[in-house]
Structures are given as structure tokens and as C-alpha cells.
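Remarks on the overall topology
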Amino acid sequence: MSGSAPSSRREGEEAAPSAPGLIRWGLLGTGTTVALTVVLVLAAGSGVYAVLGYPDPGALTKLGVNLLRLVFDLAGAVCLGGLVFAAFFTVPQRGGMISPDGYAALRSAGTAAWFWGGAGLLLTVFDAADSAGQSVTDSLTPGALLGLLDALDVPKAWLLSALLALVLALACRSTLRWRTTLGLTVLAGLTLLPPVLVGHSASNGGHDFASDSMAFHVVAAALWLGVLFAVLTHARRWGANPETVARRYRKLAATCWGVLAVSGVIGSLILVPARMWLSTQYGALVLGKIGLLLLVGLVSVPLRRRITRSARDRHRGMLRLAGAEVALLLATVGISMGMAHVPPPNLLDRNATAMDLLIGYDLPEFPSFLRLVTHWRFDLLLGTAAVVLAMSYLAGVRRLRNHGQHWPVGRTVSWLAGCLALLVASSSGVGSYAPATFGVHMTAHLLLNMLGPALLVLGTPVNLCLRALPRARRGEPYGPREWLLGIVDSPVSRWLSHPVLASLLLVGSLYALYPTGLFQLIMQEHWAHTIMNVYFLGSGYLWFWAVLGLDRTPRRVPQLARLGVTLGMMPALAFFGVLVLSMSEPIAGNYYSTLDLPWSVDPMTAQQAGALIGWLGGEIPLLLVLVVLLRQWQREEGDDDDADYRGMLARLESTRT
């Protein structure tokens, strides 16, 4: 265990002199000043209110919104960074308890979460008044506030994030286990997203690209800044494993820098074309943000190399790097806050069609087979996931072969086919036309929920990772192998992988989504549509993972039970198909009529086609599961017979002697 006093420093490490400390604090002060200055200057403007046709809400409301957003984002970054540091940068103790360094980071995250939740609650009120163009003092009555919350989406997003942040604050005070910290890290990342998904990026054409890119952008920025703050705090208290911390931070910062660059360019090109970067205020802010991003990369790379290569100056270099990066990132955060209050050029585009507003792009041609094959619109979330999963799997297979180990070709082919199914369902013409007609939607549903997950599970990725990934060395923080085992062997995974529960999650979503009005509500929002697709993929993978039993799972289910669950799924899918075929009204009829498509498809015909696709297509993966389970059963019986035969021979041999 590492102490926090200077006496716990290892031999060869020296205290950082006061001059670098003064420089560091000067840089932090400069970055904070720049951030506050940008926020205050841009808060004084009223361009967004003129564009929306709202009255100016007054200086108090505008200043409060911008300052609270700054507190919200900084506190969220510190909370996320502390949790990430505790989960991935420290060495858990025996029994899965977090280390003293992890506990310190966890407590910092919990403190930041209180500020995060408080800022979110206040933003619920201030942003409601700001969005309505009225003073915050006029919105404090319960009737006025409830009316604004009912009419506006952004204040609801602040409220949701605030409640989740307060849950994190309470959980951080009571959590002492490493696995729980992993779950809280995921929750912190999700808490950042609600305000992003309903902001400027969620309106007009291209909002699918804009929303997804902003989600990547915000999470990467918060992760970088938050982990940097945690690393700085760790270095100041002379925490354990400085070499590993510096090495992991170097990789994380480089990854975040790349994600910020790509997602920032994509989001900016959607909100303001490149030709308008020099002629609009929003474009000038984009250029300023790009400049700061390039500067932080140029400043950080040589310092990171020095930190990881020179043990003598590691502590001093870490503090110097942290000061420089925090200053530049704070300035970038200030510009981002200002951009949230400056109207982008595409805001309230008068030429936007109904399809632009609902799905983000136009579909001028009928979805013929050729169109479904050739028309591609890359999905930044699921499409990227498909590419990354395929490349990671191939890297694992290559590592095994480099070590002279064999990996079945059939499993590799199955995994790549599953990744291809995910890519087709999300980014091909199938994914593009899925929001426009029910028949194509059910094709995408089949690929995401049944066929794709079945192929992915047949690839046995957990077994591949356990064979290809190295074990963490004693005394060092866990690595990817231990992270994977922590998830797979967790109580949550054991609970979710029960075949009955996995079956309810899979087939129950069909009956809860389509016969009710929930599907229509989901299709009206891009973020809800994305969550639905992620749920389809996750619930499908969970079911096949639990039932096939080919990969490592937290529980071993008897063969007869898995056969029974599979046979029970078949009539459930058949009944759903019959139910949809017998419906007299089209599912989400109002939504499809609002799209105002330039080509016509009878909604009932599309619905009947979708029902048949979901029914008949869903039975094929189940038949595949039955074949696999019967072969497993036959192999087990053969092994039992061989064991009995060998036992009989042994008894005969002993009788003869």
C-alpha cells in the first residue's frame, strides 16, 4: 500500500520545486480565466433568441445558464475521470476491494457528483426559462415550471442527468468494490449524454450524424479532462505505480485526441459548412476549438514521451504536463460552452423536409433491392462498433498464431459474418430505409436481434480474449483480460444470463414495442431509435450467449433446459407474427404518414411483409441453435458411453488379474 506523505516516495524521486508549481497553477488559472471570459462574453449576446423569435430572458438567466453549464461539464468530467482512474489505473486488493489510491479517486468522484447533480437541478430551472425566453424569476412557480418541463425536452434532459448524478454521488460514498466501480463508470458516461442528444445537434438535416458525433465528442472530452485531473491528483500525493499510470494515460489521451478530432470535424460540418467557418460567429468558434485541439496535441506529445522514458523527472514532468493540458482543455471547454449559446447556421433551416426533421436525411427513391444494397449511410455508433469488433477479433487471432496457437477458422468466419450483419443492418440501405417503412425495419431488426448475435456468439469472443490477452503482472493495475473477467463473472452477468430472463428480455420486447404505441414514440427521436437498436443487439447476444453455451458464461445451464428454452421461443415468435398479421391498423401509422415520402408504400402491406420477415426469418437462427444443441448433446452422450466402456474394460482387466 502506498502512502500519501512525501516519506512514501520511492528512492530516486524528488519533490517538485516550487517554480514548476507556480507555473502549473499559473497555467490552470489562465485556462480557467479564458473559459470564464468566453462564457461571459458569449452569454451577453442574444443571437439565438432572435433566430428562435424569443424575447431576451435577461442577464441573470443567460449568465446563470452559461456558468451552470460550465460547472456541470467540469464536475461531470471530474466524476467520470475519478471513476475511470479507480477502475482502470489502480491495483485492486484481494477480494475485489479497491486500493487506497482507488478509494481516494472514488471519493473525489463522489464529491464532484454532488456538484454535478446540483448544477443539473439548477439548470433544469434556468434552461427552461432560457429556452422560453423569460426571466428565471418568472419560472420559479410550480405551475410555470411544470408547464415548461412538459413542453420542452432540454430541461427534462438536465433533470434526468441531475438525478443520475445524485445516484452516483450516493453510490460513490458506499462503494468499496472494484466491480461496482466498473458499473458506476458506465453510468457516469451515460449521465453526460441526455443534454447532448436533445441540443442543437438533434435538429434539422444530418442530425443522426451530428447527434452521434457530439456524443462521442462530449464523452471523449470529459474522459480526457477528468482522467487528467485524477492523474494530477495522484501525482501530487505520490501514488503507487507512476510508470503504469503515465503509460496508460498516454494511450488514453492519444485516443481521446483522435476521437475529439474526428467527431468535432463531423459535427461541425453538419452544423456549419466549411465555407461558412470564416463568415459566421459559430464558424469562428469552430476554428478556435480546432486550433486549441491542435495546440494541446503539439504541447502534450513531447511531454508524454519524456514522462514515460525518464524515471528521474517523471513526477515533475507529470505535473508540468497536467498543468499545460488542463489549461488548454479548460479553454476548449469554455469555447464549447459558448457554442451551445450561439445559433449554428443550420438552426431552423426553412428548407428542411419532414424526413430531415424526423430521420435526418432524404430518401427520394423507392427501396428496391438494388437501392438497399447500394445506398450506404454509415452509422457512427453501430457501424463503428462493427468495424472495431472485426479488427479487434482479427488482431486476437493474429496474436494467437504468432504464439503458435491454433484458432478454428469457422469461428473467425462466423464472427466476421456477424460483424457484417451488424454493419448491413445499421449502415447499408437496410439501415437507411429502416425508419421509413416497416418491412425494411423488420429486416434490420432480424439482423440486429437474431442473425447477427447468433453469428457473433458462434465466434466465441470471450474464449478468444482469454487466450490472446496477457495476464496483468503482480502488483500492477488490471488489464483488458481482468476487465473482461470482471464483467463476465459478475453477479449482474450471472443474473442476466439466466435463460428464462434472457428469453423474456428478447421476446418480451416484441410484445412491449410493436402492439403498443411505444414504437411510434421511439421512431420520432434519433436517440431513442439508437437505444432501441442497441437493445436489440444486446438482448439478442445475451440470449444466444446463454443458450448456446459455447463461450465462457457465468453459469452452466443443463442441456435439456437449453433445449426447452429454445423450443419455447419458437411458438412465442410465431404468435407474435400472427398477432401483427391480424392487426387492423398499421403500427406507427401517424409516424409513417408524417414522413411525407415521395414514393408510396401501403402501410398495411409493409406491415404484413415485416411480420412475415420477422416470423420466418427469426425461426432460422433458432433452428441453427437446435442443431448446435443436439450436436452437443450427442457428443456428451458419446463421451459418457466411451467413459462407461473404458470403465467396463478396467473392471474386466482387474478381474483377470
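Residues numbered from 1 in each chain as written. Predicted model: local features only at pLDDT ≥ 70, side-chain atom pairs only at ≥ 80, totals over all residues. Heavy atoms only, no water.

Of regular secondary structure, the chain possesses 27 helices and zero strands. In the chain, once contacts between residues fewer than 6 apart in sequence are set aside, the share between residues at least 24 apart is 79%. Here the chain has roughly 30,000 Å² of accessible surface; of this, 66% comes from carbon and sulfur atoms. (Helix = DSSP H or I, 4+ residues; strand = E, 2+ residues; numbered from the N terminus. Contact = heavy atoms within 4.5 Å. Areas by Shrake-Rupley, 256 points an atom, 1.4 Å probe, with all protein chains shown as cover.)

Next up on the list: the pattern of salt bridges. What the rule picks out here adds up to five salt bridges. With its nearest N and O atoms 4.0 Å apart, the salt bridge here joins Arg247 to Glu476. Of this pair, Arg247 sits in helix H10 (residues 242–271) while Glu476 sits in the loop between helix H19 (461–468) and helix H20 (480–488), and the two are 229 residues apart along the sequence. On the basis of relative accessible area, Arg247 is assigned to the partly exposed category, the value being 33%. Taken together, the salt bridges that share partners define one network made up of Arg247, Arg473 and Glu476. (Salt bridge = Lys/Arg side-chain N within 4 Å of Asp/Glu carboxyl O. Buried < 20%, exposed > 50% of the residue type's maximum accessible area, 1.4 Å probe, protein only.)

Moving on to the nonpolar core. Tyr514, Phe519 and Trp543 are the most contacted members of the largest nonpolar core, which totals 79 residues. Looking at this core, the element that brings in the most residues is helix H18 (residues 438–458), giving 12 residues. Membership of the second largest hydrophobic core comes to 70 residues, among which are Trp116, Ala128, Val136 and Ala165. (Core = buried A, V, L, I, M, F, W, Y, C linked by side-chain atoms within 4.5 Å.)

Moving on to the state of the cysteines. In protein chemistry, a disulfide is the covalent bond that joins the sulfur atoms of two cysteines. Summed over the entire model, instances satisfying the criterion amount to zero disulfides. Free of any disulfide, Cys79 has its nearest cysteine sulfur in Cys172, 5.3 Å distant. The exposure class of Cys79 is buried, given its relative accessible area of 0%. (Disulfide = S-S within 2.5 Å.)

Another point: the confidence of the model for the chain. Caution applies to low-pLDDT parts of the model: their predicted coordinates are not meant to be read in detail. Per-residue pLDDT for the chain has a mean of 81; in total, 81% of the residues score no lower than 70. The low-confidence segment residues 1–24, where pLDDT is below 50, has 28 contacts with residues more than four positions distant or belonging to other chains. Long-range and interchain partners of residues 308–312, a stretch whose pLDDT sits below 50, account for four contacts in this model, where long-range means more than four residues apart. (pLDDT = per-residue confidence, 0-100.)

Mapping Gly431 onto the fold places it in helix H17 (residues 429–433). Taking the C-alpha atoms as reference points, Gly431 and Ala444, separated by 13 residues in sequence, lie 6.4 Å from one another. Sequence-distant contacts of Gly431, defined by excluding residues within four places in its chain, comprise Tyr361, Val424, Ala425 and Ser426.

Between H19 and H20, the least distance of the axes is 9 Å, while the angle of their chain directions is 145°. As H19 runs across H20, the sense of the crossing is left-handed. Contact residues: Val462, Cys465 and Leu466 in H19; Arg481, Leu484, Leu485 and Val488 in H20. Counted by class, the contact of H19 with H20 contains six nonpolar, no polar and one charged residues. (Axes fitted to C-alpha atoms, helices over the stretch in contact; angles between N-to-C directions. Left-handed = near helix turned anticlockwise from the far one by under 90°. Nonpolar A, V, L, I, M, F, W, Y, C, P; charged D, E, K, R; others polar.)

Following the sequence through the fold, Thr244 ends up in helix H10. In this structure, Thr244 is in contact with Glu476 and Pro477, ignoring residues within four places of it in sequence.

Take a nonpolar patch on the surface next. A surface patch of nonpolar side chains, amounting to about 420 Å² of accessible area, comprises Val71, Trp114, Phe115 and Leu170. When you line up the elements, Leu170 lands in helix H6 (residues 154–174). The class for Leu170 is exposed, based on a relative accessible area of 54%. (Patch = residues over 30% accessible without salt bridge, like charges linked within 9 Å, V, L, I, M, F, W, Y side chains within 5 Å.)

So, about empty space enclosed by the protein. Going through the model one piece at a time under the given rule, you end up with four cavities of 30 Å³ or more. If you go around the largest cavity, you meet 30 residues; those closest to its centre are Tyr361, Asp379, Gly431, His526 and His529. Among the elements of the structure, helix H9 (207–236), helix H16 (409–427), H17, H18 and helix H24 (526–548) are those that each provide at least two residues to the lining of the largest cavity. Per-class residue counts for the lining of the largest cavity are 15 nonpolar, 10 polar and five charged. (1 Å grid on protein atoms, 1.4 Å probe; cavity = no way out; pocket = protein on both sides within 12 Å on 5 of 7 lines; lining within 4 Å. Points joined across faces, edges and corners; volume = space filled by probe spheres on them.)

Note on placement: Gln405 falls in the loop between helix H15 (382–402) and H16. A residue is classified by how much of its surface remains accessible, and Gln405, at 32% relative accessible area, is partly exposed. Between the C-alpha atom of Gln405 and that of Ala468, which follows or precedes it by 63 residues, the distance is 9.5 Å. Non-local contacts of Gln405, meaning those with residues more than four positions away in its chain, are made with Leu400 and Arg467.

Time to look at the packing of helix H3 (residues 59–88) against H6. Here H3 crosses H6 at 40°, and the two axes come no closer than 12 Å. When the interaxial angle is binned, H3 and H6 end up oblique. For H3 against H6, the interelement crossing comes out left-handed. Contact residues: H3 offers Arg69, Phe72, Cys79 and Leu83, while H6 offers Trp158, Ser161, Leu168 and Cys172. Residue classes in the contact of H3 with H6 are distributed as six nonpolar, one polar and one charged. (Parallel < 35°, antiparallel > 145°, perpendicular 65-115°, else oblique.)

Now for the packing of aromatic side chains. One pass over the full model with this rule turns up 16 aromatic pairs. With a centroid separation of 4.7 Å and 80° between ring planes, the pair formed by Phe88 and Trp483 is classed as edge-to-face. Taken together, the positions of Phe88 in helix H3 and Trp483 in helix H20 put the pair 395 residues apart, joining distant regions of the chain. Using a relative accessible area of 24% as the deciding quantity, one classes Trp483 as partly exposed. Ring plane angle 80° and centroid distance 5.9 Å describe the contact between Phe366 and Trp599, whose orientation is recorded as edge-to-face. Of this pair, Phe366 sits in the loop between helix H13 (354–358) and helix H14 (369–374) while Trp599 sits in the loop between helix H26 (589–594) and helix H27 (603–656), placing them 233 residues apart in sequence. (Phe/Tyr/Trp six-rings, centres within 6.5 Å; stacked < 30°, edge-to-face > 60°.)

Positionally, Thr553 belongs in the loop between H24 and helix H25 (559–581). Take Thr553: its relative accessible area is 13%, and that puts it in the buried class. There is a polar contact of 2.7 Å between the side chain of Thr553 and the backbone oxygen of Arg555. Not counting residues up to four positions away in its chain, the partners in contact with Thr553 are Val488 and Trp545. (Polar contact = N/O pair within 3.5 Å; in protein donor to acceptor, adjacent residues only side chain to side chain.)

With 21 residues, H18 extends 29 Å from end C-alpha to end C-alpha; this agrees with the ideal 30 Å at 1.5 Å per step. When the local axis directions of H18 are compared, the greatest deviation, roughly 40°, occurs at Leu447. For H18, the tally of buried residues reaches 19 of 21 residues, placing the bulk of the element in the interior. Positive phi shows up at Thr460, right after H18, with a value of about 45°. (Expected span 1.5 Å × (residues − 1). Bend = angle between axes of the 7 residues up to and from the residue.)

Right, let's talk about unusual backbone geometry for a bit. The phi angle at Thr460 is positive, at roughly 45°, despite the residue not being glycine. Residue placement: Thr460 occurs in the loop between H18 and H19. Using a relative accessible area of 1% as the deciding quantity, one classes Thr460 as buried.

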